[in-house]
Amino acid sequence: MITMDDIIREGNPTLREVAKEVPMPPTTEEKKLGEEMLEFLKNSQDPIKAEEMHLRGGVGLAAPQLNISKRLIAVHVPSNDPENDTPVISTVMFNPKILSHSVQDACLGEGEGCLSVDREVPGYVVRHARVTVSYYDENGVKHKRRLKNYEAIVVQHEIDHLNGVMFYDHINEENPFSLKEGVLVIE
Ligand SMILES: CC(C)(C)[C@H](NC(=O)Nc1cc(F)cc(F)c1)C(=O)N(CC(=O)NO)CC1CCCC1
Ligand SMILES: [Zn+2]
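Residues numbered from 1 in each chain as written. Chains lettered and ligands numbered in written order. Predicted model: local features only at pLDDT ≥ 70, side-chain atom pairs only at ≥ 80, totals over all residues. Heavy atoms only, no water.

The name given to the protein chain in an unreviewed UniProt entry is Peptide deformylase, and the organism recorded there is Enterococcus saigonensis. Its UniProt record, at the heading Function (unreviewed entry), says of the protein chain: "Removes the formyl group from the N-terminal Met of newly synthesized proteins. Requires at least a dipeptide for an efficient rate of reaction. N-terminal L-methionine is a prerequisite for activity but the enzyme has broad specificity at other positions." According to UniProt, the comment filed for the protein chain under the heading Catalytic activity (unreviewed entry) is "N-terminal N-formyl-L-methionyl-[peptide] + H2O = N-terminal L-methionyl-[peptide] + formate". (UniProt positions renumbered as here; feature names shortened; annotations may be inferred.)

Structure representation (structure tokens):
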């Protein structure tokens, strides 16, 4: 199973590569990788397992972070409502693609971090507020899904990893907390 030791950190050139499309349908090995990535996220959000395995609570993971330069991501975003056990999104996406996006932008009020970045990088990471993504599932079936708010941010953060982009590439160097008119701040 995947642990923090399998996650490469900034400085590893793989994080700056453009990952390769996965031919559909995925091979057994690629399907297994997707499942393990999702399992890592679930484990990382389980207090007992996270403590046992020294995992950072993760909501998304891209294959390049495992030094595998393939266009494959996993996202597991829990519901905000503590009463609700159903995650907002929990899926493996092969060859995810942003088909369209809102004019409106958004950012997380607390900025972003990254499982591959062992330091704080303060500043707003401005992204699209809403996106329509297409992707293939582990059976090679094509899906199209509209995402908004936090889950839209997570998927954009992971797709960035497939293009060699790190969250801090989006932060305004002159003024990390500058925001244009109309940008939605997600708390
Ligand atoms: C870098 C880290 C701080 C671990 C971040 N987690 C997170 O932001 N909060 C979190 C953790 C949980 F377990 C449950 C929960 F609802 C929220 C994260 O997983 N990522 C994913 C990543 O590094 N992918 O490559 C960074 C996030 C920043 C914005 C979107 C993803
Ligand atoms: Zn990341």
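Having seen it, we continue.
Visitor: What is the right way to look at the UniProt feature "binding site: Fe cation" (unreviewed entry) in the protein chain in this model?
Guide: The positions UniProt marks with the feature "binding site: Fe cation" (unreviewed entry) are Cys114, His157 and His161. A maximum C-alpha distance of 10.2 Å among these annotated residues, which run over 48 residues, shows that they cluster at one spot. Checked against the element boundaries, His157 lands in helix H3 (residues 149-162). Setting aside anything within four residues of it in sequence, one finds His157 in contact with Glu112, Gly113, Cys114, Arg127 and Phe167. (Helix = DSSP H or I, 4+ residues; strand = E, 2+ residues; numbered from the N terminus. Contact = heavy atoms within 4.5 Å.)

Visitor: Help me out: how do you make sense of the packing of aromatic side chains in this one?
Guide: Geometry of an aromatic ring pair is reported as the spacing of the ring centres plus the angle between the planes. A full pass over the atoms with the stated rule returns 2 aromatic pairs. Centroid distance Tyr124 to Phe177: 5.2 Å. Interplanar angle 85°. Geometry classified as edge-to-face. In this pair, Tyr124 sits in the loop between strand S4 (105-108) and strand S5 (127-128) while Phe177 sits in the loop between H3 and strand S8 (184-186), placing the two residues 53 residues apart along the sequence. A residue is classified by how much of its surface remains accessible, and Tyr124, at 18% relative accessible area, is buried. Ring geometry for Phe167 versus Tyr168: centroids 5.3 Å apart, planes at 70°, classification edge-to-face. Look at Phe167 and you get buried, because its relative accessible area is 2%. Residue Tyr168 is classed as buried on the basis of its relative accessible area of 19%. A cation over an aromatic ring shows up here: Arg119 above the ring of Tyr168, its NZ or CZ 4.9 Å from the ring centre. (Phe/Tyr/Trp six-rings, centres within 6.5 Å; stacked < 30°, edge-to-face > 60°. Buried < 20%, exposed > 50% of the residue type's maximum accessible area, 1.4 Å probe, protein only. Lys NZ or Arg CZ within 6 Å of the ring centre and 35° of its normal.)

Visitor: Is there a simple way to think about the coordination of the zinc ion (ligand 2) in this case?
Guide: Geometry reference: four tetrahedral donors at a metal, ideal angle 109.5 degrees. Six octahedral donors, ideal angles 90 or 180 degrees. For the zinc ion (ligand 2), the protein coordination sphere consists of Cys114 (SG), His157 (NE2) and His161 (NE2), at 2.1 to 2.3 Å. Mapping the donors of the zinc ion (ligand 2) onto the primary sequence gives the spacing C-x42-H-x3-H. Here Cys114, found in the loop between S4 and S5, pairs with His161, found in helix H3; they are 47 residues apart in sequence, far enough to count as distant. You'll find Cys114 and His161 in the same group, each marked buried. (Donors = N, O, S within 2.8 Å, 3.2 Å for Na, K, Ca; no water.)

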